[in-house]
Amino acid sequence: GRAQIGVTGLAVMGRNLARNFARNGYTVAVHNRTYGRTRDLVEQFGGEGDFVPAETAEEFVAALERPRRVMIMVKAGGPTDTVIEEFAELLEPGDVIIDGGNAHFEDTRRREAALRERGLHFVGTGVSGGEEGALNGPSIMPGGSPESYESLGPMLERIAARAPDGTPCTTHVGPDGAGHFVKMVHNGIEYADMQLIAEAYQLLRDVAGYAPDEIADIFRGWNEGRLGSYLIEITAEVLTHTDAATGAPFVDVVADRAEQKGTGRWTVQTALGLGTPVPGIAEAVFARSLSGHTELRTAASPLPGPQRTPMGRDEAADFADGVERSLYASKVISYAQGWDMIRAGSEEYDWHIDLSDVAAIWRAGCIIRARFLDRIRAAFTSDPWLPTLLADPEFAKELGEAQYAWRDVVAASVRNGVPAPGMSSALAYYDGLRAPRLPAALLQAQRDYFGAHTYQRTDREGTFHTLWGGDREEIRTDGG
Ligand code: NDP
């Protein structure tokens, strides 16, 4: 065999990744369950590079140089297991199977362990950037053995996006499920980012009274500054778009029900299991879910909201400035939550994930690519043990500068009855973490009252229980 890599599963993602490898000078074996897609790929794009089309799995495997590298890009879940099994039987010890689909990291851990028993390397890799990224340079998040990265890494580095400083947006994230875990958190952060941007839009529209094309201009302005990012850029594009059929702003003709494929939900479910607070991501998942509950919304639609007072031009411009600060501060908070979760996962599964590398490989190629990721990279480079992004001196300073505007915007959302669950939850997280005392003291006392769950004291060591039903004597329960 002479192909350096094989791609099986040639729908949009697989086809574009195969083309990306070929355009970068690799010989690529290509295979798909139904041969039509393989033939189409070679007919349409065969001129872009060196493809070896294979009709059967056996031909495909025979086309590959050793150790073989087989990248699977099929539907996540059951189909991925089917295809892994099909190829595992044809491969030999030392060969590498790569799953580039959106697998749950627990599935990746299971598959990696099973294939390791058979002497095969299994790499579960996150690929972000959609079809366009797959073709022109995605952000790639591979997890697997160090040996598998030695053989695969250089190829991934060639096809990955490049950060503004020229470094490829891929790295060996860690063992087994580390790559898919990090990709999952990426998607959770993406949900939070999108929700915050959507709230900023709605506030500018309903509180400040701006029209969609004016909001597009505001977003374009923001895109030049610290909020500069792919998501802000495409938001401006969407808001500029006019519906051809009605002549109305496109955003006004789209049904206001947001769907989800599930990676945001996985992030929150996993965070619950790890005990890591990610309320910003959870609010984003729930906001989508709320939007889709037409029956609840219809039933609640007669409920009264507050009177709104229209804003004058100057007031609106000031408010827009506050929304920028509120959006930025809330964004810092959701990234802080995401990184906290990556650290928690890394500790739980013993992955040793480099937190600064994660920021580095998200600077380009992926959906959350943004100017500001370079600052997160810098924060974790200068202090790998930074307990939270909020404690980084630069981010702390910015949050402090944003706080009054942030509070004003959240207050305006409440006063005007425009829901901003992402921004208000981010502010509550900020205030919760910085508070010298939390009402958790009262909660713990309640728990001790009804369930004898015990408590610790601020003034001395030990575990205590108050005999609430009796004379309220305090007893020590830890034998001290
Ligand atoms: P799809 O998820 O739509 O999957 C279609 C591909 O899976 C086809 O090649 C299909 O083969 C193959 N397939 C499905 N079932 C089986 C089976 N039982 N046995 C063999 N092959 C099977 O394709 P996408 O390109 O959209 O995505 C591929 C992977 O990448 C998915 O895991 C997805 O979650 C992930 N991903 C997708 C992104 C996107 O933007 N679309 C972004 C990042 C990741 P056939 O042609 O024969 O039907």
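About the criteria used
Residues numbered from 1 in each chain as written. Predicted model: local features only at pLDDT ≥ 70, side-chain atom pairs only at ≥ 80, totals over all residues. Heavy atoms only, no water. Helix = DSSP H or I, 4+ residues; strand = E, 2+ residues; numbered from the N terminus. Rg over C-alpha atoms; globule rule 2.2 N^0.38 Å. Buried < 20%, exposed > 50% of the residue type's maximum accessible area, 1.4 Å probe, protein only. Contact = heavy atoms within 4.5 Å. Near = heavy atom within 4 Å. Polar contact = N/O pair within 3.5 Å; in protein donor to acceptor, adjacent residues only side chain to side chain. Areas by Shrake-Rupley, 256 points an atom, 1.4 Å probe, with all protein chains shown as cover. 1 Å grid on protein atoms, 1.4 Å probe; cavity = no way out; pocket = protein on both sides within 12 Å on 5 of 7 lines; lining within 4 Å. Sits in = over half its atoms within 2 Å of the grid points. Nonpolar A, V, L, I, M, F, W, Y, C, P; charged D, E, K, R; others polar. Salt bridge = Lys/Arg side-chain N within 4 Å of Asp/Glu carboxyl O. Points joined across faces, edges and corners; volume = space filled by probe spheres on them. Pairing = 2+ DSSP bridges. Axes fitted to C-alpha atoms, helices over the stretch in contact; angles between N-to-C directions. Core = buried A, V, L, I, M, F, W, Y, C linked by side-chain atoms within 4.5 Å. Parallel < 35°, antiparallel > 145°, perpendicular 65-115°, else oblique. Left-handed = near helix turned anticlockwise from the far one by under 90°. UniProt positions renumbered as here; feature names shortened; annotations may be inferred. Phe/Tyr/Trp six-rings, centres within 6.5 Å; stacked < 30°, edge-to-face > 60°. Lys NZ or Arg CZ within 6 Å of the ring centre and 35° of its normal.

**Student:** Is there a simple way to explain the overall build of the protein in this structure?
**Tutor:** Secondary structure summary: the protein contains 20 helices and 9 strands in total. Relative to the globule expectation of 23 Å for 480 residues, the C-alpha radius of gyration of the protein, 26 Å, shows essentially globular dimensions. A principal-axis box enclosing the C-alpha atoms of the protein has dimensions of 80 × 70 × 45 Å. By residue count, 50% of the 480 residues in the protein fall in the buried class. The contacts in the protein between residues at least 6 apart in sequence include a share of 66% that link residues at least 24 apart.

**Student:** Please clarify how the site of the ligand should be interpreted in this entry.
**Tutor:** Residues in contact with the ligand amount to 19 residues; listed here are only the nearest, Met13, Asn32, Arg33, Thr34 and Arg37. At 2.9 Å, a backbone N or O of Met13 approaches an oxygen atom of the ligand. The contact in question runs from an oxygen atom of the ligand to an N or O atom on the backbone of Val74, over 3.0 Å. Protein chains bury 79% of the 890 Å² of accessible surface belonging to the ligand in isolation. When each cavity is represented as a set of grid points, the ligand is found to reside in the second largest pocket. Within the shell around the ligand, the residues separate by chemical class into 10 nonpolar, 6 polar and 3 charged.

**Student:** I tried to follow the pattern of salt bridges on my own but got confused; where do I start?
**Tutor:** Side chains carrying opposite charge are able to pair once their charged atoms draw close together. For the structure shown, the criterion picks out 36 salt bridges. Among the salt bridges present, the one from Asp256 reaches Arg297, with a minimum N-O distance of 2.6 Å. You can see Asp256 sitting in the loop between α11 (250-253) and α12 (263-274) and its partner Arg297 sitting in helix α14 (residues 294-300), a full 41 residues away along the chain. Arg297 gets classed as partly exposed once you look at its relative accessible area, which sits at 32%. In this structure, Glu398 engages Arg375 in a salt bridge whose closest nitrogen and oxygen atoms are separated by 2.9 Å. Placement of Glu398 in helix α18 (residues 393-416) and of Arg375 in helix α17 (residues 373-382) is noted, with a sequence separation of 23 residues between them. Taking relative accessible area as the criterion, Glu398 reaches 15% and is therefore assigned buried. What makes Arg375 partly exposed here is its relative accessible area of 25%. In the salt-bridge network here, residues are joined through shared partners; they are Asp81, Asp99, Asp107, Arg110 and Arg111.

**Student:** Explain the environment of Gly130 here, please?
**Tutor:** Relative to the helices and strands, Gly130 resides in helix α6 (residues 130-136). For Gly130, a relative accessible area of 32% gives the class partly exposed.

**Student:** Is there a simple way to think about the layout of surface pockets in this case?
**Tutor:** To find leftover empty space, one rolls a probe the size of a water molecule over the atoms. The calculated volume of the largest pocket comes to roughly 1,900 Å³. Forming the boundary of the largest pocket are 42 residues, of which Gln195, Ala198, Gln202, Asp256 and Ser291 lie nearest the centre. For the lining of the largest pocket, the leading source of residues is helix α8 (residues 178-206), giving 11 residues. Considered class by class, the residues forming the lining of the largest pocket number 25 nonpolar, 7 polar and 10 charged. Space inside the second largest pocket adds up to approximately 1,200 Å³. For the second largest pocket, the lining is made up of 38 residues, of which Met13, Val74, Lys75, Ala76 and Lys261 are closest to its centre. Secondary structure elements with two or more residues in the lining of the second largest pocket: α1 (12-23), α4 (78-88), β6 (121-128), α8 and α12. Partitioned by chemical class, the residues of the lining of the second largest pocket number 13 nonpolar, 17 polar and 8 charged.

**Student:** Would you mind showing me how to read the sheet that holds strand β2 (residues 27-31) here?
**Tutor:** In a beta sheet, neighbouring strands pair by backbone hydrogen bonds and run either parallel or antiparallel. Taken in spatial order, the 7 strands line up as β3-β2-β1-β4-β5-β6-β7 in an open sheet, and their pairing is mixed. The strands lining the two open edges of the sheet, one partner per strand, are β3 (50-53) and β7 (139-143). Between one strand and the next, the sheet's axes are offset by a mean angle of 25°, whatever the strand orientation. The strands touched by helix α5 (residues 105-117) within the sheet are β5 (96-99) and β6, with β6 carrying the most contacts at an inclination of about 155°.

**Student:** Just to check I follow, could you spell out the nonpolar core for this structure?
**Tutor:** One broad trend across soluble globular proteins is that nonpolar side chains are buried collectively. Ranked by internal contacts, the top residues of the largest apolar core, which has 89 residues, are Phe219, Trp339, Trp362 and Ile376. Residue contributions to this core peak at 15 residues, all from helix α15 (residues 313-349). If we skip the residues at most four places from it in the chain, Ile376 touches Tyr335, Trp339, Ala359, Leu389 and Phe395. By size, the runner-up hydrophobic cluster in this structure holds 26 residues, among which are Ile5, Leu10, Phe45 and Ile98.

**Student:** So what exactly am I meant to see when it comes to the packing of α12 against α15 here?
**Tutor:** Any two packed helices are characterised by how steeply their axes cross, that is the angle between the axes, and by the distance between the axes. Following both chains from N to C, one finds α12 and α15 inclined at 60°, their axes separated by 11 Å at the closest point. Our classification of the angle between α12 and α15 gives oblique. Between α12 and α15 lies a crossing whose hand is left-handed. Where α12 approaches α15, its residues Thr267, Thr270, Ala271 and Leu274 are matched on the opposing element by Met341, Ala344, Gly345 and Glu348. A breakdown of the residues in the contact of α12 with α15 according to their chemical character gives 4 nonpolar, 3 polar and 1 charged.

**Student:** What is the right way to look at the UniProt feature "domain: 6-phosphogluconate dehydrogenase C-terminal" (unreviewed entry) in the protein in this model?
**Tutor:** Under the UniProt annotation, the feature "domain: 6-phosphogluconate dehydrogenase C-terminal" (unreviewed entry) is placed at residues 179-469. Here residues 179-469 is 66% helix and 1% strand, with 52 Å between the C-alpha atoms at its ends.

**Student:** What is the right way to read the packing of aromatic side chains from this model?
**Tutor:** Aromatic ring pairs are defined here through the distance separating the ring centres and the angle between the ring planes. Inspection of the entire model under this criterion finds 17 aromatic pairs. Seen from their ring centres, Trp339 and Trp362 are 5.3 Å apart, and the 75° between their planes marks the pair as edge-to-face. In this pair, Trp339 is assigned in helix α15 and Trp362 in the loop between α16 (355-361) and α17, connecting sequence segments 23 residues apart. Three or more aromatic residues joined by ring pairs form one cluster here, namely Tyr328, Tyr335, Trp339, Trp362, Phe372, Phe380 and Phe395. We note Arg19 situated over the ring of Phe45; from NZ or CZ to the ring centre the distance is 3.5 Å. Residue placement shows Arg369 over the ring face of Tyr230; its charged tip is 4.0 Å from the ring centre.

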